[in-house]
Amino acid sequence: MGTMPEKYIKKGRLLKKYRNYGYALILPLLLFLVMQIPDSGIAGKTTGQILQSTETEGGKGEAYIVGETESEKSESGKGGISATEKLKLQEPRLFDIRHMEDADFRAVIVSDLHYSDHMVAAISALAPMQNRIEAILQTFLSEVIDLRPDVLIICGDNTNSGDDGSQKKLAEILRRVQDAGIPVVMVSGNHDYTKNTKSQYEKNFSGILFPKLQEGESYIVARDRESLSYAAVIKDYRLLAMDDTYAGDGIGGKYAESTMQWLENQLETAETLKQRVIFITHHNLLPNGSTADSPGYRVENPELLPMLKNHGVKLGLTGHRHSQEIVEGYGMHEIVSAFPQSYPFYFGVLKVTGQSALYEAQSIDFERYGKPYKARMVPEEYEKAFREAMGGESVADYLLKSQGLQGEEFAGAQNLVNRFMDYYSRGILAEHIEEILADPYYPLTERALRDSNYGPWMTYVLQNLTTISDRLAFSF
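Per chain, the residues get numbers from 1 upward, laid out in the order the sequence is written. Selection of residues for local features in this predicted model requires a pLDDT of at least 70, selection of side-chain atom pairs for listing and counting requires 80 or more, and totals for whole chains, interfaces and linings are taken over all residues. Working from all heavy atoms in the structure, the side-chain values ignore hydrogens and water.

### Concerning the sheet that holds strand 10 (residues 315–318)
Note the following rule: The rule for pairing is simple: two strands pair if DSSP sees at least two bridges between them. By definition, any uninterrupted DSSP run of H or I lasting at least four residues is a helix, any uninterrupted run of E lasting at least two residues is a strand, and each is numbered from the N terminus. Axis lines are fitted through C-alpha atoms, for helices just across the contact stretch, and the angle between N-to-C directions can take any value from 0 to 180 degrees. Residue contacts are counted whenever heavy atoms from the two residues lie within 4.5 Å of one another.
Spatial strand order, 6-7-8-9-10-12-11: 7 strands in an open sheet with mixed pairing. Edge positions in the sheet fall to strand 6 (220–223) and strand 11 (325–329), since each of these pairs with one other strand and no more. Geometrically, the sheet is characterised by an average inter-axis angle of 20° between neighbouring strands, direction not taken into account. As defined by bridge partners, strand 8 (residues 237–241) adjoins strand 9 (residues 276–280) across 5 bridges and the pair is classed as parallel. Paired with Arg238 across the two strands is Val277, which belongs to strand 9. Where helix 7 (residues 257–272) meets the sheet, its contacts fall on strand 6, strand 7 (230–234), strand 8 and strand 9, and the angle it forms with strand 8 comes to roughly 170°.

### Notes on the pattern of salt bridges
As a reminder, the rule being used: We define a salt bridge as a side-chain nitrogen of Lys or Arg found within 4 Å of a carboxyl oxygen belonging to Asp or Glu. Only protein chains enter the accessibility calculation, which uses a 1.4 Å probe; a residue is then buried when its area is under 20% of its type maximum, exposed when over 50%, and partly exposed in between.
Counting across every chain of the model gives 18 salt bridges. Here Arg93 makes a salt bridge to Glu91, at a shortest N to O gap of 3.9 Å. Among the ionic pairs, Asp422 bridges to Arg426, the shortest N-O distance being 2.9 Å. Taken as a pair, Asp422 and Arg426 share a single burial class, namely buried. Salt bridges linked by common partners bring Arg106, Asp150 and Lys235 together as one network.

### Let's talk about helix 2 (residues 83–90)
Rules: Directions from the helix axis toward the C-beta atoms define the arc.
Listed as buried for helix 2 are Ala83, Thr84, Lys86 and Leu87. Here the buried residues of helix 2 occupy an arc of 160° about the axis, which is enough to place them on one side.

### Thoughts on the sheet that holds strand 15 (residues 471–475)
As summarised here, the arrangement of the 6 strands in space is 5-4-3-13-14-15, forming an open sheet in which the pairing is mixed. Of all strands in the sheet, those with a lone pairing partner are strand 5 (184–186) and strand 15, marking the two edges. Going from strand to strand, the sheet's axes swing by 20° on average, the running direction of each strand aside. The sheet contact formed by strand 3 (residues 105–110) and strand 4 (residues 151–154) spans 4 bridges and is parallel. Residue Ile109 lies in a different strand from strand 4, and its bridge partner there is Ile153. Here helix 2 sits on the sheet and contacts strand 14 (356–363) and strand 15; the angle it forms with strand 14, its principal contact strand, is near 110°.

### Describing the nonpolar core
Basically, it comes down to this: As used here, the term nonpolar core means buried Ala, Val, Leu, Ile, Met, Phe, Trp, Tyr and Cys residues forming a set that is joined through side-chain atoms within 4.5 Å.
Of all hydrophobic cores here, the largest spans 74 residues; its most connected members are Phe140, Leu152, Ile278 and Leu350. A total of 8 residues in this core trace back to one element, the largest contributor, which is helix 3 (residues 133–147). Once residues lying within four places of it in the same chain are set aside, the contact partners of Ile278 are Phe105, Tyr237, Arg238, Leu239, Leu240, Leu315, Leu317, Leu350 and Phe476. Judged by nonpolar contacts, the second largest core, of 26 residues, contains Ala413, Val417, Ile436 and Met458.

### A look at the packing of helix 11 (residues 395–402) against helix 12 (residues 407–425)
Where we set the bar: Comment on the angle field: the value is read as roughly parallel under 35 degrees, roughly antiparallel over 145, roughly perpendicular from 65 to 115, and oblique elsewhere. Throughout, a crossing is termed right-handed when the near helix is turned clockwise from the far one, and left-handed when it is turned anticlockwise from it by less than a right angle.
Running from amino to carboxyl end, helix 11 crosses helix 12 at an angle of 150°, the nearest separation of the two axes being 10 Å. With respect to helix 12, the axis of helix 11 lies roughly antiparallel. Every pair of crossing elements has a handedness; the one defined by helix 11 and helix 12 is right-handed. In this structure, helix 11 contributes Ala396, Asp397, Leu400 and Lys401 to the contact, and helix 12 contributes Phe410, Ala413, Gln414 and Val417.

### A few points about the pairing of strand 7
Burial analysis of strand 7 places 4 of its 5 residues in the buried class, which makes it a mostly covered element. Relative to strand 7, strand 6 runs antiparallel, the two sharing 3 bridges. Within strand 7, the residue paired with Ile220 across the bridge is Ala232. Linking two consecutive strands that pair antiparallel, namely strand 6 and strand 7, is a turn of 6 residues. Bridge count between strand 7 and strand 8: 5 bridges; the pairing is antiparallel.

### Some points on unusual backbone geometry
The step from Tyr343 to Pro344 runs through a cis peptide bond, and the omega angle for that step is 5°. The residue Pro344 is located in the loop between strand 12 (332–336) and strand 13 (346–353) in this model. Despite not being glycine, Lys274 shows a phi value in the positive range, around 55°. Within the secondary structure, Lys274 sits in the loop between helix 7 and strand 9. Look at Lys274 and you get exposed, because its relative accessible area is 72%. Backbone geometry at His322 places phi at a positive 65°, although glycine is not the residue there. In this structure, His322 sits in the loop between strand 10 and strand 11.

Geometric descriptors of this kind do not, in isolation, establish any biological role.
Spelled out as structure tokens, the structure:
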């Protein structure tokens, strides 16, 4: 993974000055080699455009493509609008991040904290801020508490190495959220425990897995005997927190047969009680648009997706890939959460009112919440740390120079790659594909990177990534 920008570029909306601080979570090869210690592989290919259905005043459903630039302008020249714009008209209050209480159901979603309570010697370009993870996490949790969602959802790889000390300290840190009255629903990832350390993990995170509430019954209503999978009911939503690492082989996610039967029982219960299901697991569910379909990144039970489709599951939340993406298939949307200790420091917010659902990726607000943890300068620190980890230049810079590019040609190709990585990291590349392909330096850049794994990967993404990934409007 990785290239980085040469200078800061101002941008609007939420990222402010966070735009070009480095791109440590892009190139699949480094993810394969560096971060996935017992688990490696590259995620799947795209399933195409996301079609959103919205209900018109006349009661008839209309489909809108989210992710195409033209869909934001018109639909077949008839003046149609995207599902996101339609939802803005139907439920404008959903779009105000500071007024989450106006939604019927609110969730903050994050994945791959990779928390460690000790200094990490092997800092890499993938995680140059690993030794600042506590300041980043505390800042993030302060923002979560201020947002006051109905639940904080964490999609696995909660610790970096699954050691006893890190598990205990992370559980203590997360207690801040619980003490604020916000439930925490957390699944395990391949970095969190092995079969030999399952009992240690269960004990250290007992406050989350077996919460002791001051008032009323626990929101956790059912548990799987074979794994650490459980069901939590919050309002009229059944959150299925699935442990996909226990029955796996250390390469990919997998559920035991008994867990699959437990899951089907939970889906049937949700149907009987008319509860909406949110499916949460660490490894991915659907092929995606940023890499070829390889083993190791997806849950390996072939019957899983047909089962979810048969029971009408519309939303899956996963992580593992350290990059923000949204894909569609089997009648559902899968939101893959990004890596919050890397640019653009993303977490997700899901708001539902009636059947209108909105998901938006947000950058951690270090300026507002980071002062108590000396984290206000984390974006600037990230830029420096990333450059040091990369030896002063990005992978793309090195490859371009090795092909003899210099002067104006090098600057043009470098600028193109930096913009590509910026858009990709922020989950908006699909809106800028035409811009990248039309750049006069694109043919030169493609030729220069063709013989490395970097160039074919960029080409693949430009051909297959068709949906925006930092926001999603859909009917729940």
